[in-house]
Amino acid sequence: MREISTTIIIEKVKEMCISANRNLGKDVIDKIEQSLREEKSLIGKDILEKLLENANIAKEKQMPICQDTGMAVFFVEVGQNLVISGGSLTDAINEGVRQGYKEGYLRKSIVGDPILRENTNDNTPAIIHYDLVEGDKLRMLFAPKGFGSENMSRVAMLKPSDGIEGIKDFVIDTVKKAGPNPCPPIVVGVGVGGTMEKACLLAKKALMRNIGIYNKKSHISGLEKELLKEINKLGIGPQGLGGNTTALDVNIEVFPTHIAGLPVAVNLNCHVARHMNIEI
Amino acid sequence: MSEIKIETPLNLDKIKDLKAGDRVYLTGTIYTARDAAHERLVNQIENKENVPFKIQNATIYYVGPCPAKPGEVIGSAGPTTSYRMDKYTPLLLDKGLKGMIGKGLRNEKVIDSMIENKAIYFAAIGGAGALISSCIKESRIIAYPELGAEAIRELYVENFPLIVAIDSKGNNLYNR
Ligand code: SF4
């Protein structure tokens, strides 16, 4: 049995909250640079240039890339031979979020009740999804999720006969309806299969994947590439003001499903596609 | 695509020739307000109470900034999605609001009211909060401090980069 103390977890989560919000990943920056070379609209080019400049300023001044520093979403894989000492893992993650959002001067965007809407003032609680896995490691995927793009996300319970065309139509329709609101260029996370909630989880997890990495299944990676092309033909462009850079990437995750169903969830992310992972 | 410098307070003269798609650098005083502040503003107007700033010819920026680090004026401060304010906007336009800064689509009612009241809607770059914060030279909370990021702030901005999204005649860049 390996033991990890909550003190270490709190510290790591805190650092991750601050760093993910200030330092845009190289995968995202590289892709925006590539898009800038390929973008045909003048306004679009100007916007992409400013996005790169923005990421630079954030890094140099160590300040948040975007003021919506998001709801803190975690996918946590806990090795079953691991013992957490010093308190509960959930409390430790929330404490790390609390400290990170305070010390990093990040925005506190969480209300404690969806109807009463009082701010919790420390950005907790985090959204935490657990998986028990083999081994004795603790692996955490973290994404601060902005709501401009979260609000434009959708789920559909398609029929098996809708097939691949149905999936494509739903994804493209979601991106069209979202238009400028999710701060394009966007990253499109798609979950296909499972049950309703499983599809949503898959879509969220798809957003944790680096840009430019494809699904291992060839029929899925083919669909990812095809959808990216189709979406970039829509003309929505950077900030929805026209252009051929609407999406930076499409990531699809799949899971077995029921003979009667074809659940599809689309979770949108903005160009501030923050995600980080650590293993302790 | 022209680049134009303008100063607040806005008035009909300054905005009547601005066209959807123009790039504008804005300098002067503007006010921040997002969901919760809009709800309060509109309640105060409906109850005939005093509002925290003069709406006539004012410009509102839809933003909930990050806290300022010690020694800084403000934290990251990019626009939030405007459609959530649509419900409250026509009343503010009737009261003389001239400019709005945000990101994304507006509904028909807002656009009709903009045409009627001759107002303008600018898009700031969503997600460029660090860049925009460097244009903000002064920031002061003037109302609802208990709302935190959603409090109303008076900002002084210099050369805030904007794009005219919907002009005073209702031409809409998002529809092209
Ligand atoms: S959608 Fe993303 S880039 Fe746009 S405001 Fe929200 S977090 Fe920032």
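Since we're looking at a predicted model, the values are computed, not measured.

All names here are of chain A. You can read the domains of chain A as domain 1 (2–20 + 65–145) and domain 2 (148–278). Taken over C-alpha atoms, the centre of domain 1 sits 25 Å from the centre of domain 2. Counting residues at the interface gives 21 residues for domain 1, matched by 17 residues for domain 2. Carbon and sulfur atoms make up 66% of the area that domain 1 and domain 2 hide from each other, which totals about 1,600 Å². Taken as a group, Phe75, Leu141 and Lys145 account for 36% of the area that domain 1 buries against domain 2, more than any other trio of residues on that side. Joining domain 1 to domain 2, the criterion identifies two salt bridges.

A few words on unusual backbone geometry. Of note, the amide linkage connecting Thr124(A) to Pro125(A) takes the cis form, showing an omega dihedral of 0°. By the secondary structure assignment, Pro125(A) is in the loop between helix H4 (89–103) and strand E4 (127–133). Cis rather than trans, the peptide bond between Pro184(A) and Pro185(A) has omega equal to 10°. Within the secondary structure layout, Pro185(A) lies in the loop between helix H6 (163–178) and strand E7 (186–194). Residues other than glycine seldom take positive phi values, yet Asn121(A) does so here, at roughly 65°. Residues other than glycine seldom take positive phi values, yet Asn159(B) does so here, at roughly 50°. Topologically, Asn159(B) is positioned in strand E7 (residues 152–166).

What counts and how
Residues numbered from 1 in each chain as written. Chains lettered and ligands numbered in written order. Predicted model: local features only at pLDDT ≥ 70, side-chain atom pairs only at ≥ 80, totals over all residues. Heavy atoms only, no water. Domains from an automatic or database assignment. Contact = heavy atoms within 4.5 Å. Buried area = accessible area lost by both parts, 1.4 Å probe. Salt bridge = Lys/Arg side-chain N within 4 Å of Asp/Glu carboxyl O. Helix = DSSP H or I, 4+ residues; strand = E, 2+ residues; numbered from the N terminus.

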